[in-house]
Amino acid sequence: MEDRAHDNSRNKAMRRAILRGVAVAMVSMTMISVPGAASAQSIREKIQNGETIRIGFSNEAPWAYPGGNSEPLGSINAITLDVLKKLGATKIEPVVTEWGSLVPGLQAGRFDIITGGMYILPERCRNVLFSEPVGKITDGLVVPTGNPEGLHSLPDLQKKGLTIATGAGGNGVREAQKVGIADEKIMQVASAVEAVQAVKAGRADAAYGDYLTMKKFTGKDDGIGMADPFTPPSVGYPGLAFKPGDQAAVDAFNEVLKEYIGSEEMMESVSKYGYDKATLPDGPKTAELCKG
């Protein structure tokens, strides 16, 4: 009897030790999961908690570009700042990066929203969530003054075997490939600035990008100009891009955009960047643009 009682006592002690170990493990797992939960906060939650909202963009004037101390300038930055203010955000941090780093940066959590004027395209919709369109953009072609090669469309470059410079990861690469321009004739650069510089330096025969951006650069240099006339292959509709899974933020932004897009308040914010009534989105919704 004494041996059995001793065994029972020992077994109870072992069970208590095991239970304590399980409890410690569960506490540890809970503690480990907390940072993950915090990193998954939606933008709405961050705003409610008074946290900083980070916006990511590259140097793509007049849509989104840095001013002094990386101040977020440009029409789409202006739209974003107005909407964030309406949602109650008080702390905004700009993050400037190369165009090709915007989507990876968003996915890695370097910023919460891409504000760089990114077109809503099917391949991008697989990696980010887009708001409804915040603009309508047609493209333009920068050429040496006088347009010596007689370029008036992207197929013109393809037929003549000429080199086009455009932003890496941007719509220009896709459009150039669609008309059959060989990959080795597509010079992918960090931004519109580098694309225009390639034409000025004679390394590319033309630079392709959105019309307002390209026109802004040609107005400062007598050695280059806009191809006129030029037939753009398509019309682009930019949206604000959010992390996959943050549908709550997209819904909140879209709700504000319903009343804001085209309003007097908005036009006052964006007109200084060349955004006018003709630049307002005029039809396709994000769901349609994501289907292609």
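In this report, we go over the structure that sits alongside the text. These figures come from a predicted structure and were not determined experimentally.

## Digging into the nonpolar core
For soluble globular proteins, nonpolar side chains are generally found buried alongside one another.
Step number 1: In terms of nonpolar packing, the biggest core is built from 37 residues, with Ile-79 and Ile-113 touching the most fellow members.
Step number 2: Listed by contribution, the elements that provide at least two residues to this core are α2 (43-48), β1 (53-57), α3 (75-86), β5 (113-119), β13 (238-242), α10 (247-260) and α11 (264-270).
Step number 3: Once you skip the residues sitting within four places of it in the chain, Ile-79 turns out to touch Val-134, Leu-257, Tyr-260, Met-266, Val-270 and Tyr-275.

## What to know about the packing of α3 against α10
Step number 1: For the pair α3 and α10, interaxial distance at closest approach is 10 Å and the crossing angle is 110°. When the axes of α3 and α10 are compared, the pair comes out roughly perpendicular. At the point where α3 passes α10, the crossing takes the right-handed sense. Counted together, Ala-78, Ile-79, Thr-80, Asp-82, Val-83, Leu-84 and Lys-86 of α3 and Phe-253, Val-256, Leu-257 and Tyr-260 of α10 form the full contact between these two elements.
Step number 2: Broken down by class, the residue content of the contact of α3 with α10 amounts to 8 nonpolar, 1 polar and 2 charged.

## Topic: the pattern of salt bridges
Step number 1: For the coordinates displayed, the defined rule picks out 8 salt bridges.
Step number 2: Of the charged contacts in the structure, one is a salt bridge between Lys-86 and Glu-265, with a shortest N-O distance of 3.0 Å. Of this pair, Lys-86 sits in helix α3 while Glu-265 sits in helix α11, placing them 179 residues apart in sequence.
Step number 3: According to the relative accessible area criterion, Lys-86 is partly exposed, its value standing at 44%.
Step number 4: A salt bridge links Asp-282 to Lys-136; its shortest N-O distance comes to 3.1 Å. Within this pair, whereas Asp-282 is found in the loop between α11 and α12 (286-291), its partner Lys-136 is found in the loop between β6 (129-130) and β7 (137-144), the two being separated by 146 residues in sequence.
Step number 5: On the accessibility criterion, Lys-136 (23% relative accessible area) is partly exposed.

## Digging into the pairing of strand β8 (residues 164-167)
Strand residues, when the strand is regular, have side chains that alternate between the two faces of the sheet.
Step number 1: Taken together, the 4 bridges between β8 and strand β9 (residues 186-189) define a ladder with parallel strand orientation. Looking at β9, one finds that Ile-164 is bridged to Ile-186.
Step number 2: Taking the sense of rotation as the criterion, the β-α-β connection linking β8, helix α7 (residues 171-178) and β9 turns out right-handed.
Step number 3: Where β8 lies against strand β10 (residues 206-210), 2 bridges are found, and the strand directions are parallel. Its bridge partner being in β10, Ile-164 is matched across the sheet by Ala-206.

The rules behind each value
- Residues numbered from 1 in each chain as written.
- Predicted model: local features only at pLDDT ≥ 70, side-chain atom pairs only at ≥ 80, totals over all residues.
- Heavy atoms only, no water.
- Core = buried A, V, L, I, M, F, W, Y, C linked by side-chain atoms within 4.5 Å.
- Buried < 20%, exposed > 50% of the residue type's maximum accessible area, 1.4 Å probe, protein only.
- Helix = DSSP H or I, 4+ residues; strand = E, 2+ residues; numbered from the N terminus.
- Contact = heavy atoms within 4.5 Å.
- Axes fitted to C-alpha atoms, helices over the stretch in contact; angles between N-to-C directions.
- Parallel < 35°, antiparallel > 145°, perpendicular 65-115°, else oblique.
- Left-handed = near helix turned anticlockwise from the far one by under 90°.
- Nonpolar A, V, L, I, M, F, W, Y, C, P; charged D, E, K, R; others polar.
- Salt bridge = Lys/Arg side-chain N within 4 Å of Asp/Glu carboxyl O.
- Pairing = 2+ DSSP bridges.
- Right-handed = clockwise from strand over helix to strand, strands pointing away.

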